[in-house]
Amino acid sequence: MYDYNDLRRDCCALCKSGAECGSIGKTAFGAHIICFHVGPNSGPQLIVQGGIHAREWVTSVLVAEQAKAMLREKLPAGIYFLPMTNPDGVTLALHGADCFPNRDELVRINGGSRDFSMWKANARGVDVNCNFDARWGLGNGNLRSPAPASYIGASAESEAETAALTRFTRRVRPALTVSYHALGREIYYEFSQTGAALSRDEAIARAAGKFLGYRVVSGDLGSAGGYKDWCVDKLGITALTVEIVGEDHRHPLTEKDLDGEEKNVWLPLLLAELVAEADGG
């Protein structure tokens, strides 16, 4: 299991190896949303984030491994890595409700069960990836009260994790973002864009799909309130959702399920090259 303490240890190791390390903010329960930066500070930037859904914590392993690998490369663009955007949720999924002062409420939301291995939300019962201001509340399957998954929150960006990520993204103004989820081995890129922006984003998605051997999905399929959706809708930038691990696997996943996903470690390099080329670099 790769938990918040493992990420903190990786943070120390990456800092010693030359990465810029920091926090983009804290959760409602005080955990830092840890960030690494590698590559140039000037010119185009990318944001790669994982662990926004608690039970998909294996994406945090992958994003941390990407940061380690990219630190050894001469990158044509800077990359910010956020391995665990929802650290409270990951802690809950891996270690249970006793880690939190609202443990009784969490058990109630979880239907009385103390097994949180299938939990996707944060430790307030809000699905962070339904909480962004992009057709907020209009997604397929959205819920209106706290739940292990799909609850949209009291308002758009009501959650500390969402607010921190939107603030950070607006400050960085990246050319491209990648959100890692599991499972399906698919790439999503579409939300509300049209014309040249749609063509641009589809081309990048297809290049990523070809590199990984993943299926590229057109259309938003009723998505709303996600980070990818917000990046496309509010910032007009390319944003990919990458679903790792084949559908023959089942949640809850383990690090063993990352076998066969080694190419994903190098996807940020490909995307940095594409972004730099588009920028004229």
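Look up a bit, the structure's there.
What you see is a predicted model, and the numbers here were worked out from it, not measured in a lab.

Conventions used here
- Residues numbered from 1 in each chain as written.
- Predicted model: local features only at pLDDT ≥ 70, side-chain atom pairs only at ≥ 80, totals over all residues.
- Heavy atoms only, no water.
- Helix = DSSP H or I, 4+ residues; strand = E, 2+ residues; numbered from the N terminus.
- Rg over C-alpha atoms; globule rule 2.2 N^0.38 Å.
- Buried < 20%, exposed > 50% of the residue type's maximum accessible area, 1.4 Å probe, protein only.
- Contact = heavy atoms within 4.5 Å.
- Areas by Shrake-Rupley, 256 points an atom, 1.4 Å probe, with all protein chains shown as cover.
- Pairing = 2+ DSSP bridges.
- Right-handed = clockwise from strand over helix to strand, strands pointing away.
- Expected span 1.5 Å × (residues − 1).
- Arc of directions from axis to C-beta.
- Axes fitted to C-alpha atoms, helices over the stretch in contact; angles between N-to-C directions.
- Phe/Tyr/Trp six-rings, centres within 6.5 Å; stacked < 30°, edge-to-face > 60°.

Undergrad: Please provide a residue-by-residue account of the overall build of the protein, values included.
TA: Secondary structure assignment for the protein yields eight helices and eight strands. The C-alpha atoms of the protein give a radius of gyration of 17 Å, which matches the 19 Å a tight globule of 281 residues would have. Expressed as lengths along the three principal axes of its C-alpha atoms, the size of the protein is roughly 55 × 45 × 35 Å. Burial status across the protein gives 58% buried among its 281 residues. In the protein, of all internal contacts separated by at least 6 residues, the share reaching a separation of at least 24 is 77%. Here the protein has roughly 11,400 Å² of accessible surface; of this, 48% comes from carbon and sulfur atoms.

Undergrad: Let's hear about the pairing of strand 3 (residues 45-49): which residues, and what values?
TA: Burial within strand 3 is extensive, with five of its five residues counted as buried. Both faces of strand 3 are covered, namely the face carrying Gln45, Ile47 and Gln49 and the face carrying Leu46 and Val48. By the bridge criterion, five bridges tie strand 3 to strand 4 (residues 78-82) in an arrangement that is parallel. Counted as the bridge partner of Val48 is Phe81 from strand 4. Read from strand 3 through helix 2 (residues 58-70) to strand 4, the crossover connection turns out right-handed. Two strands pair when backbone bridges link them, and strand 3 and strand 5 (residues 176-182) are joined in this way by four bridges, in the parallel orientation. The residue of strand 5 that forms the bridge with Ile47 is Thr177.

Undergrad: Outline helix 6 (residues 195-212), listing residues and values.
TA: Across its 18 residues, helix 6 extends 26 Å between first and last C-alpha, which sits within 8% of the 26 Å expected from 1.5 Å per residue. Among the residues of helix 6, those classed as buried are Asp201, Ile204, Ala205, Ala208, Gly209 and Leu212. One side of helix 6 holds all its buried residues, which, seen down the axis, span an arc of 140°. Exposed residues pointing more than 90 degrees away from the buried face of helix 6 are listed as Ala196 and Lys210. For helix 6, the secondary structure elements touched by its buried residues are strand 5, strand 6 (186-188), strand 7 (215-217), strand 8 (238-244) and helix 8 (267-278). Looking one or two residues beyond helix 6, the residue adopting positive phi is Gly213, at roughly 75°.

Undergrad: I'd like a rundown of the sheet that holds strand 3, residues and numbers included.
TA: Taken in spatial order, the eight strands of this open sheet run 1-2-4-3-5-8-6-7, and their pairing is mixed. Looking at which strands have only one partner, the edges of the open sheet turn out to be strand 1 (20-26) and strand 7. Within the sheet, the average angular offset between the axes of one strand and its neighbour, ignoring direction, is 20°. Here strand 5 pairs with strand 8 via seven bridges, running parallel. Bridge assignment links Val178 to a residue of strand 8, and that residue is Leu240. Contacts between helix 5 (residues 160-172) and the sheet are confined to strand 1, strand 2 (32-38), strand 3 and strand 4, with strand 1 contributing the most and set at about 130° to the helix.

Undergrad: I'd like a rundown of the pairing of strand 5, residues and numbers included.
TA: For strand 5, the tally of buried residues reaches seven of seven residues, placing the bulk of the element in the interior. Side-chain alternation along strand 5 places Leu176, Val178, Tyr180 and Ala182 on one buried face and Thr177, Ser179 and His181 on a second face that is also buried.

Undergrad: How would you sum up the packing of aromatic side chains? Please name residues and give values.
TA: The relative placement of two aromatic rings is captured by the distance of their centres and the angle of their planes. Per the stated rule, a full pass over the model turns up six aromatic pairs. With centroids separated by 5.4 Å and ring planes inclined at 70°, the aromatic side chains of Phe29 and Phe100 adopt a geometry described as edge-to-face. On the criterion of sequence distance, the pair formed by Phe29 in the loop between strand 1 and strand 2 and Phe100 in the loop between helix 3 (87-95) and helix 4 (103-109) is long-range, its members being 71 residues apart. With a centroid separation of 6.5 Å and 40° between ring planes, the pair formed by Phe132 and Trp230 is classed as tilted. Of the two residues, Phe132 sits in the loop between helix 4 and helix 5 while Trp230 sits in helix 7 (residues 227-235), which places them 98 residues apart along the sequence. On the basis of relative accessibility, which here comes to 0%, the residue Phe132 falls in the buried class. For Trp230, a relative accessible area of 0% translates into the label buried. One aromatic cluster is present, formed by Phe132, Tyr227 and Trp230 through successive ring pairs.

Taken by themselves, the reported measurements are silent on function.
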